[in-house]
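Geometric and topological summary
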Amino acid sequence: MAVDNCIFCQISNGQDPKSVLVVETNEFVIFQDIKPASQHHYLAVTKNHYDSLKDLNKTHDSLVQRMESALKEFLVGKGVSVDDALFGFHLPPFITVKHLHMHAIAPRTQMSFLSKLIFRPSFFFKTTDEARSYLSQKE
Ligand SMILES: [Zn+2]
Ligand SMILES: [Zn+2]
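Residues numbered from 1 in each chain as written. Chains lettered and ligands numbered in written order. Predicted model: local features only at pLDDT ≥ 70, side-chain atom pairs only at ≥ 80, totals over all residues.

For the protein, the name recorded in an unreviewed UniProt entry is Adenosine 5'-monophosphoramidase HINT3, with Drosophila erecta as its organism. If you open the UniProt record of the protein and go to Catalytic activity (unreviewed entry), you find "adenosine 5'-phosphoramidate + H2O = NH4(+) + AMP". The UniProt entry for the protein carries the following comment under Sequence similarities (unreviewed entry): "Belongs to the HINT family." (UniProt positions renumbered as here; feature names shortened; annotations may be inferred.)

This is the structure we're talking about:
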């Protein structure tokens, strides 16, 4: 369900003419982050509105896996190495858009100092693996 004034609801439903969707499935879309943290920076955004990872539970594990696989497949298709890439989610309150989105950033080793801080696996950023173990404990 779309939420009024949510930019990611608009983009994922194809209602933002400025956004180029590079991948679209029935569950999510992938597009370029407007503030790239490295040479390649994409977001996988669900078509359903969830505020954040905190709105998901263990039943969403496969969705998270599919989002990561699609991002990896897309990067590999562009000739980008996914060995040096970072995949993950921000947690509230460190979220710029309150609509679930997975970041894919590559090369991870070429991120700026500031970007490394913003996307450092920590209490406010969870890698996909951390997110999946977090979800596995949520009913
Ligand atoms: Zn939304
Ligand atoms: Zn984010």
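Of the regular secondary structure elements, the protein holds four helices and six strands. For the protein, the α and β elements follow one another from N to C terminus as α-β-β-β-α-β-β-α-β-α. Compactness check: the protein gives a C-alpha radius of gyration of 14 Å against a globular reference of 14 Å for 139 residues, within 12% of the reference. Here the C-alpha coordinates of the protein stretch approximately 40 × 35 × 25 Å along the principal axes. Within the protein, contacts between residues at least 6 apart in sequence are counted, and of these 65% link residues at least 24 apart. (Helix = DSSP H or I, 4+ residues; strand = E, 2+ residues; numbered from the N terminus. Rg over C-alpha atoms; globule rule 2.2 N^0.38 Å. Contact = placed C-beta atoms within 7 Å.)

Before going further, it helps to examine the sheet that holds strand S1 (residues 23-24). One open sheet accounts for six strands, arranged S1-S2-S3-S5-S4-S6; its pairing is antiparallel. Two strands in the sheet have a free side with no partner beyond their single neighbour: S1 and strand S6 (125-127). Relative to strand S5 (residues 101-106), strand S3 (residues 40-46) is paired through six bridges, and the arrangement is antiparallel. Bridging from a neighbouring strand, Val45 pairs with His101 of S5. (Pairing = 2+ DSSP bridges.)

This paragraph deals with the UniProt feature "domain: HIT" (unreviewed entry) in the protein. UniProt records the feature "domain: HIT" (unreviewed entry) at residues 7-119, using the numbering of this structure. Taken as a whole, residues 7-119 contains 26% helix and 22% strand, while its terminal C-alpha atoms sit 21 Å from one another.

The next subject is the environment of Phe8. Relative to the helices and strands, Phe8 resides in helix H1 (residues 7-12). Using a count of 23 C-beta atoms within 10 Å as the deciding quantity, one classes Phe8 as buried. Along the primary structure Phe8 and Thr128 are separated by 120 residues, whereas in three dimensions their C-alpha atoms are 20 Å apart. Setting aside its immediate chain neighbours within four residues, Phe8 contacts Val45, Val97, His99 and His101. (Buried ≥ 20, exposed ≤ 12 C-beta atoms within 10 Å, placed from the backbone.)

With that out of the way, let us pick up the nonpolar core. In terms of nonpolar packing, the biggest core is built from 31 residues, with Ile30, Ala44, Leu71, Met102, Ala104 and Ile105 touching the most fellow members. Contributing elements (two or more residues each) for this core: H1, strand S2 (28-32), S3, helix H2 (61-77), strand S4 (86-90) and S5. No other element matches the five residues that H2 contributes to this core. Contact partners of Ala104, with chain neighbours within four places excluded, come to Tyr42, Leu71, Leu75, Ala85 and Phe87. (Core = buried A, V, L, I, M, F, W, Y, C linked by C-beta atoms within 7 Å.)

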